[in-house]
Amino acid sequence: MNAEDSTMIRFNQVNKWYGRDHHVLKNISLEVKTGEVVVVCGPSGSGKSTLIRTINQLEAINDGEIWVDGIQVNNPKTNINRLREEVGFVFQHFNLYPHLSVVENITLAPIRVRKMSEADANQRAMELLERVGLAHKRDAYPSQLSGGQQQRVAIARGLAMQPKVMLFDEPTSALDPEMIGEVLKVMQGLAESGMTMMVVTHEMGFAREVADRVIFLDHGEMLEQGAPETFFQNPQHERTRQFLRQIL
Ligand code: ADP
Ligand code: MG
């Protein structure tokens, strides 16, 4: 099987409840191919964060199967820490370590977890900082950076572990409007470099331009998925149309 055909993420009839009654993911089946960029959208509370958090088991599922690069996530025998090394996660709030410099934020996990030498980790961190346009900030502390810059460092930090997949949960929602573009641009570059990505976002411009596929969640149900052209021009469900009217 060549790389283009391979499945990186697979959900097979996944269900999740919070407590007994709150059915938050309803029979979700989906596949993300290697190198594919999938945008997840939907109203607040529809289960978007829960969906992507199940991929590295920040949330456990109750039923069904999730596979990442051929490894079953919801299997007690799976080494979840090992799996998490392969899956980068960028949150709405950047969660940088405030007491570490930019470059130390990026090298920490490669040195501690991957046992990379400090010299190699530093070199790699500088390459990543170049890529996100922040090489000149290597010795700054997070508090000295704008929100957009902090989020770009968070992306570089995720990439430092050389993950197979990058997950983003509303990475620009906490940013001032003038900083959204710089973060989306870094994400677009990453997508163009062939990274497999799942991105929860309300940035429909990004979805149109960068996504291979858009998924719409509503009340924990995957109501619709399609290529951006189809999704935006010809949504099948009234609830999708309603959602798009509200945010576009
Ligand atoms: P979204 O990201 O689309 O806004 P979430 O996945 O965060 O949606 O949440 C889906 C639903 O599950 C919401 O009704 C939310 O209140 C609920 N929920 C989320 N996290 C928890 C939790 N840890 N415990 C109980 N309910 C939760
Ligand atoms: Mg959310």
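Residues numbered from 1 in each chain as written. Chains lettered and ligands numbered in written order. Predicted model: local features only at pLDDT ≥ 70, side-chain atom pairs only at ≥ 80, totals over all residues. Heavy atoms only, no water.

In the annotation of an unreviewed UniProt entry, the chain is listed under the name Polar amino acid transport system ATP-binding protein and assigned to Silvimonas terrae.

Overview of helix H9 (residues 238–247)
Which entries qualify depends on this criterion: Using a 1.4 Å probe on the protein chains alone, a residue whose accessible area is under 20% of its type maximum counts as buried, one over 50% counts as exposed, and one in between counts as partly exposed. Strands are runs of DSSP state E lasting at least two residues, helices are runs of H or I lasting at least four, and both sets are numbered from the N terminus onward. Directions pointing from the helix axis toward each C-beta atom define the arc. Contacts are assigned to residue pairs with any non-hydrogen atoms lying within 4.5 Å of each other.
Inspection of H9 places Thr 240, Phe 243 and Leu 244 among the buried residues, and these make up the whole buried set. Angular distribution of buried residues about the axis of H9 spans 95 degrees; they occupy a single face of the element. Away from its buried face, by an angle of more than 90 degrees, H9 presents the exposed residues Arg 245 and Gln 246. Among the structural elements, strand E3 (37–41), helix H7 (204–210), strand E9 (213–218), strand E10 (221–226) and helix H8 (228–233) are those in contact with the buried residues of H9.

Some details on the packing of aromatic side chains
As a reminder of what qualifies: Two rings from Phe, Tyr or Trp (for Trp, the six-membered ring) form a pair when their centres sit within 6.5 Å of each other. Planes less than 30 degrees apart are called stacked, planes more than 60 degrees apart edge-to-face, and all others tilted.
Applying the stated rule across the entire model yields three aromatic pairs. When the centroid spacing of 4.4 Å and the interplanar angle of 15 degrees are considered together, the rings of Phe 89 and Phe 91 count as stacked. Classification of Phe 91 as partly exposed rests on a relative accessible area of 27%. Measuring from centroid to centroid gives 5.2 Å for Phe 216 and Phe 243, while their planes differ by 45 degrees, and the two rings are tilted.

Focus on the site of ligand 1
Heads up, the condition is: We define proximity as follows: a residue is near a molecule or strand when any one of its heavy atoms falls within 4 Å of that partner. For the purposes of these results, a polar contact is taken to be a pair of N or O atoms within 3.5 Å, where, inside protein, one atom must be able to donate a hydrogen and its partner to accept one; residues adjacent in sequence count only when each atom of the pair is a side-chain atom. Residue exposure ignores everything except the shown protein chains as possible cover, and the areas themselves are Shrake-Rupley values with a 1.4 Å probe.
Around ligand 1, the structure places Tyr 18, His 22, Val 24, Pro 43, Ser 44, Gly 45, Ser 46, Gly 47, Lys 48, Ser 49 and Thr 50. At 3.3 Å from a nitrogen atom of ligand 1 is found a side-chain nitrogen or oxygen belonging to Tyr 18. Within the contact set of ligand 1, an oxygen atom lies 2.9 Å away from a side-chain nitrogen or oxygen of Ser 49. The fraction of the free accessible surface of ligand 1 (560 Å²) that becomes covered by protein chains is 59%. Contributing elements (two or more residues each) for the shell around ligand 1: strand E2 (22–33) and helix H1 (48–53).

Side note on the UniProt feature "domain: ABC transporter" (unreviewed entry) in the chain
For clarity, the threshold we go by: UniProt positions are given in the numbering used here, feature names are shortened, and annotations may be inferred rather than shown by experiment.
UniProt marks residues 9–244 with the feature "domain: ABC transporter" (unreviewed entry), using the numbering shown here. As annotated, residues 9–244 has a helix share of 37% and a strand share of 26%, and its two end C-alpha atoms lie 26 Å apart.

Some words on the pattern of salt bridges
Pairing between side chains becomes possible if they bear opposite charge and their charged atoms approach one another. The cut-off we apply is this: Each salt bridge in this description consists of a side-chain nitrogen of Lys or Arg and a carboxyl oxygen of Asp or Glu lying within 4 Å of one another.
In the structure shown here, the tally under the stated rule is 13 salt bridges. Residue Asp 139 is joined to Arg 138 by a salt bridge in which the shortest nitrogen-to-oxygen separation is 3.3 Å. In this structure Asp 139 comes out as exposed when scored by relative accessible area, which is 52%. Taken together, the shared-partner salt bridges in this structure form one network comprising Arg 10, Glu 31 and Lys 33.

Describing the packing of helix H3 (residues 102–112) against helix H5 (residues 147–160)
Counted only if it meets this: For helices, the fitted line uses only the C-alpha atoms of the stretch in contact; every axis is such a line through C-alpha atoms, and the angle between N-to-C directions lies from 0 to 180 degrees. By definition in this entry, angles of less than 35 degrees are roughly parallel, angles greater than 145 are roughly antiparallel, angles of 65 to 115 are roughly perpendicular, and the rest are oblique. Two helices cross in a left-handed way if the nearer one is turned anticlockwise from the farther one by less than a right angle. They cross in a right-handed way if the turn is clockwise.
As a packed pair, H3 and H5 sit with axes 8 Å apart at the nearest point and diverge in direction by 25 degrees. Overall, the two elements H3 and H5 adopt an arrangement that is roughly parallel. Between H3 and H5 the crossing geometry is right-handed. Each of Val 102, Asn 105, Ile 106 and Pro 110 in H3 lies in contact with H5, whose residues at this interface are Val 153, Ala 156, Arg 157 and Ala 160.

Examining the environment of Gln 13
Mapped onto the elements, Gln 13 comes out in strand E1 (residues 7–18). When its relative accessible area of 45% is taken as the criterion, Gln 13 is described as partly exposed. Between the C-alpha atom of Gln 13 and that of Pro 177, which follows or precedes it by 164 residues, the distance is 37 Å. Those residues in contact with Gln 13, other than ones at most four positions away along the chain, are Asn 27, Ile 28, Ser 29, Asp 63 and Gly 64.

Concerning the sheet that holds E10
Note the following rule: Whether two strands pair depends on DSSP finding at least two bridges between them.
Taken together, six strands build an open sheet; the order of strands is E6-E7-E8-E3-E9-E10 and the sheet is mixed. The open sheet has two free edges, formed respectively by strand E6 (87–90) and E10, since each of these has just one partner strand. The mean angle between the axes of side-by-side strands here comes to 15 degrees, regardless of whether they run parallel or antiparallel. Strand direction decides the pairing type here: E6 and strand E7 (residues 165–169), joined by four bridges, are parallel.

Quick notes on the sheet that holds E1
Reading across the sheet, the four strands line up as E2-E1-E4-E5 and stay open at both edges, with antiparallel pairing between neighbours. Edge strands, defined here as strands with exactly one partner in the open sheet, are E2 and strand E5 (71–72). The sheet contact formed by E1 and E2 spans eight bridges and is antiparallel. In the sheet register, Phe 11 faces E2, and the bridge partner there is Leu 30.

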